[in-house]
Amino acid sequence: MSLKKLLCIELGASSAPPPPAVLAAEWDVRTVSSWREAARALRTPVYLVGVVLDLPGPDGAEVAARFFRDYWHIEWVGVLAPRALEASACRALVAAHLADFHTRPVDPLHLFHALGHLHGLALLRAPPASGAAAPELAALTGDSAAIARLRAQIVKVAQSDAPVLIWGESGSGKELTAQAVHTQSARAAGPFVPINCGAIPPALIQSELFGHARGAFTGAAKDKAGLIESASGGTVFLDEIADLPKDLQSNLLRFLQEKTIYRVGSTRSVDVDVRVIAASHVNLQQAVEDGLFREDLYYRLNVLPIDVPPLRERKADLDMLAQHFFRTFATEKAPRLKGFGPDALEAIRAHHWPGNVRELINRTRRAMVLSEGRLIGPHDLGLAPRRAPAAGAGLDASRIAAERAAIGASLERAGRNITHAARDLGVSRMTLYRLLAKHGIQP
Ligand SMILES: Nc1ncnc2c1ncn2[C@@H]1O[C@H](COP(=O)(O)OP(=O)(O)OP(=O)(O)O)[C@@H](O)[C@H]1O
């Protein structure tokens, strides 16, 4: 059996004392004597759990807090002198950054179990080893069959220079897909210019896309290249193509056929070497049938179609995506927040995700800011099952029901460990016992 790695920080230690025998049986312990040495050790991503023997006093508290913030993904356990918690600096560090603490004299077996438990939890959260995707495609997080198919399509489509039409629901990753096609293609060194056709006012869209000549209209003081020209040598991504007004659809068709553009107010054609990738969340074929989209343009664009599946059709990716966004926005979170609780992950899997990946990003960021525990719960994500208050229930009754639900959820998250649940709820153990009695909940 390979030993688990444990980093032990003993500030100011002159030599590393041998680890207690009970730890040595399962742990490979490395002892360091300064924050700097600890940071150096943590450059190798082998540690999930660390022990800090005594926390610094008020003078060193800020450096310690910065260290813990930088290495928030490690589960830290403190071993403290009996009266250490009387100092407010020490209390603040423990409350904000430690997963657990033990006061001397430490029961080695107790410490051994606590470290094993935290290591197990950290393993559950450790990012799965990434697959063999090329770095550009790795931006598309996920290992479901659907995302593997999408990556394969991207690689194929990137080898050609023909127009691409991406279909997918809003927020499903169309732009990310277009970007991956660009970075995988021979045009990767050129610009990638995304244009949201629905976001440019109709009066401006022609000059924005095609540019204008000096004097073309009031305020056109000099010649100006349009967005399509600015993508020369690269790729232009026309998002929400269905929103392009019909007269501009004709101009775009001409550009696709002739590879030249005319700036507004100019009769001189300009050759432009740009690959076009268009995307839509509405069914363009339907738009053609409804007379809203030019049929000839549809066929010009739809040479290489790519469908980006909605998130609900690749639920196998949800955990990985959620963990990915948790790491991406880690600087915005409270230091003691370590990840998602099992009930939060369950709620994520149960949700329908009408807003797709963008909705998952928004819910995760919101939860990271709002969560007051060590683990995100379903209510932080706005995914707690909504129970309508009984008819006629007053504010007090609703408040009591909410309190009861929060206690129940915390106990579940903490594996019914009172100390952890109390910390999760931000109350003392005594207060939690009082609340349990009040609500008739068995600890
Ligand atoms: N598989 C993925 N892995 C990581 N991030 C993703 C993935 N899919 C989408 N995203 C992220 O989700 C957000 C929405 O994606 P994107 O903008 O590509 O969607 P879209 O389909 O173009 O949306 P819209 O139709 O609203 O323009 C972006 O921040 C993007 O980086």
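Residues numbered from 1 in each chain as written. Predicted model: local features only at pLDDT ≥ 70, side-chain atom pairs only at ≥ 80, totals over all residues.

A. Region of interest: helix α4 (residues 88-97). Among all positions in α4, only Cys90, Leu93, Val94 and His97 are buried. An end-on view of α4 places all buried positions within 105° of arc, on one side of the element. The secondary structure elements touched by the buried residues of α4 are α3 (58-70), β4 (75-80) and β5 (100-103). (Buried ≥ 20, exposed ≤ 12 C-beta atoms within 10 Å, placed from the backbone. Helix = DSSP H or I, 4+ residues; strand = E, 2+ residues; numbered from the N terminus. Arc of directions from axis to C-beta. Contact = placed C-beta atoms within 7 Å.)

B. Just helix α18 (residues 418-425), in detail. Among the residues of α18, Ala421, Ala422, Arg423, Asp424 and Leu425 are the ones counted as buried. Of the residues one or two after α18, glycine 426 is the one with positive phi, at around 75°.

C. Expanded view of the sheet that holds strand β12 (residues 304-307). Pairing within the open sheet is parallel, and its five strands lie in the order β7-β8-β11-β6-β12. Here the strands that pair on one side only, and so sit at the sheet edges, are β7 (192-196) and β12. With strand direction ignored, the average angle separating the axes of adjacent strands in the sheet is 20°. Examined bridge by bridge, strand β8 (residues 235-239) and strand β11 (residues 275-280) share four bridges and lie parallel to one another. Paired with phenylalanine 237 across the two strands is isoleucine 277, which belongs to β11. Contacting β6 (164-167), β7, β8, β11 and β12, helix α8 (residues 174-184) runs over the sheet at an angle of about 165° to β8. (Pairing = 2+ DSSP bridges. Axes fitted to C-alpha atoms, helices over the stretch in contact; angles between N-to-C directions.)

D. Molecular detail of the confidence of the model for the protein chain. On average, residues of the protein chain carry a pLDDT of 87, and 92% of them reach 70 or more. Note that residues 128-133 has pLDDT below 50 and, in this model, five contacts with residues that lie over four places away or in other chains. (pLDDT = per-residue confidence, 0-100.)

E. The arrangement of the sheet that holds β4 in detail. In space, the five strands of this open sheet follow the order β2-β1-β3-β4-β5, with parallel pairing throughout. The open sheet terminates on both sides in strands that have one partner only, identified here as β2 (27-32) and β5. Looking at each pair of strands side by side, their axes are set apart by 20° on average, direction ignored.

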